[in-house]
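# Structure at a glance
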Amino acid sequence: QVQLVESGGGLVQAGNSLRLSCAASGRTFSTYVLAWFRQAPGKEREFVAAIDRSDINTYYADSVKGRFTIARDNAKNTVYLQMNSLKPEDTAVYYCAARERRIMSDSATSYDFWGQGTQVTVSS
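Before going into details, it helps to say that this report is about the structure given with it. (Residues numbered from 1 in each chain as written. Predicted model: local features only at pLDDT ≥ 70, side-chain atom pairs only at ≥ 80, totals over all residues. Heavy atoms only, no water.)

### A word on the overall build of the chain
- In terms of regular secondary structure, the chain is built from zero helices and 11 strands.
- Taking 14 Å as the expected radius of gyration for a compact globule of 124 residues, we find that the chain reaches 13 Å, a close match to that expectation.
- Seen through its C-alpha atoms, the chain measures out along the principal axes to roughly 40 × 25 × 25 Å.
- Here the chain holds 124 residues, and 44% of them are scored as buried.
- At a minimum sequence separation of 6, the contacts of the chain that also span at least 24 residues come to 58%.
- When the accessible surface of the chain is summed, it comes to about 6,300 Å², and 46% of that surface belongs to carbon and sulfur atoms.
- Here the chain carries 14 positive and 12 negative side-chain charges, and the mean point of each set is 3 Å from the other. (Helix = DSSP H or I, 4+ residues; strand = E, 2+ residues; numbered from the N terminus. Rg over C-alpha atoms; globule rule 2.2 N^0.38 Å. Buried < 20%, exposed > 50% of the residue type's maximum accessible area, 1.4 Å probe, protein only. Contact = heavy atoms within 4.5 Å. Areas by Shrake-Rupley, 256 points an atom, 1.4 Å probe, with all protein chains shown as cover. Lys, Arg positive; Asp, Glu negative; His and termini not counted. Charge placed at Lys NZ, Arg CZ, Asp CG, Glu CD.)

Below you can see the structure in the form of C-alpha cells.
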C-alpha cells in the first residue's frame with residue numbers, strides 16, 4: 001500500500017515553468033513504476049509521463065515530449081514533474097499514480113494507487 005500526495009500546482013502564464021512533486025508513504029517506494037496523468041474539465045484522464053523502478057527509463061505523451069521531465073528520488077520517496085514552456089492546453093488537474101508491476105504503462109486503469117491531484121492553470 002502506498003499513499004501519494006501531490007503539490008506544486010498553481011497559476012502561471014504561458015511559456016513559464018512549474019515543478020510538481022508527489023510524496024509517497026511506504027517503505028517500498030522504489031519498487032513502483034510511477035506516472036503523472038492529467039484531467040481537464042470535460043475530458044478523460046490522460047497520460048503525461050512515466051518512470052520505471054530503475055530511474056533509467058522514461059516515457060512521455062507526445063503532447064509534452066521535449067517540454068516536461070519526470071524524475072524520481074527514491075531516497076526521498078518523491079517523484080517530480082518539471083514542466084517547461086507551459087501552454088494553456090496544459091491546464092488540468094495533475095495526478096500522481098503508482099503501479100506495482102515492473103513495466104511502464106500509459107493506461108490509467110493499470111495503476112494501483114492515486115493521489116488527490118493538484119490544479120495547474122496556464123493563462124494565455
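Read on, since the account is not over.
### A word on the sheet that holds strand β1 (residues 4-7)
- As summarised here, the arrangement of the four strands in space is β1-β3-β8-β7, forming an open sheet in which the pairing is antiparallel. For this open sheet the edge positions go to β1 and β7 (68-73), each flanked by a neighbour on one side alone. Going from strand to strand, the sheet's axes swing by 15 degrees on average, the running direction of each strand aside.
- Bridging between strand β3 (residues 18-24) and strand β8 (residues 78-83) involves six bridges; their strand directions are antiparallel. Among the inter-strand pairings, leucine 20 is bridged to a residue of β8, identified as leucine 81. (Pairing = 2+ DSSP bridges. Axes fitted to C-alpha atoms, helices over the stretch in contact; angles between N-to-C directions.)

### Some remarks on unusual backbone geometry
- The phi torsion at aspartate 55 lies on the positive side, around 65 degrees, for a residue other than glycine.
- Here aspartate 55 lies in the loop between β5 (46-51) and β6 (58-60).
- We note that asparagine 77 has phi near 55 degrees; this positive angle belongs to a residue other than glycine.
- Here asparagine 77 falls in the buried class, since its relative accessible area comes to 19%.

### Some words on the nonpolar core
- By size, the foremost hydrophobic cluster in this structure holds 38 residues, and its most contacted members are Trp36, Leu81, Met83 and Tyr94.
- Where this core is concerned, the elements lending two or more residues are β3, β4 (33-39), β5, β7, β8, β9 (92-99) and β11 (118-123). (Core = buried A, V, L, I, M, F, W, Y, C linked by side-chain atoms within 4.5 Å.)

### Quick look at the environment of serine 54
- By the element assignment, serine 54 lies in the loop between β5 and β6.
- The sequence separation of serine 54 and glycine 66 amounts to 12 residues, and the corresponding C-alpha distance is 21 Å.
- A distance of 2.9 Å separates the side chain of serine 54 from the side chain of aspartate 52, its partner in a polar contact.
- A distance of 3.2 Å separates a polar side-chain atom of serine 54 from the backbone nitrogen of isoleucine 56. (Polar contact = N/O pair within 3.5 Å; in protein donor to acceptor, adjacent residues only side chain to side chain.)

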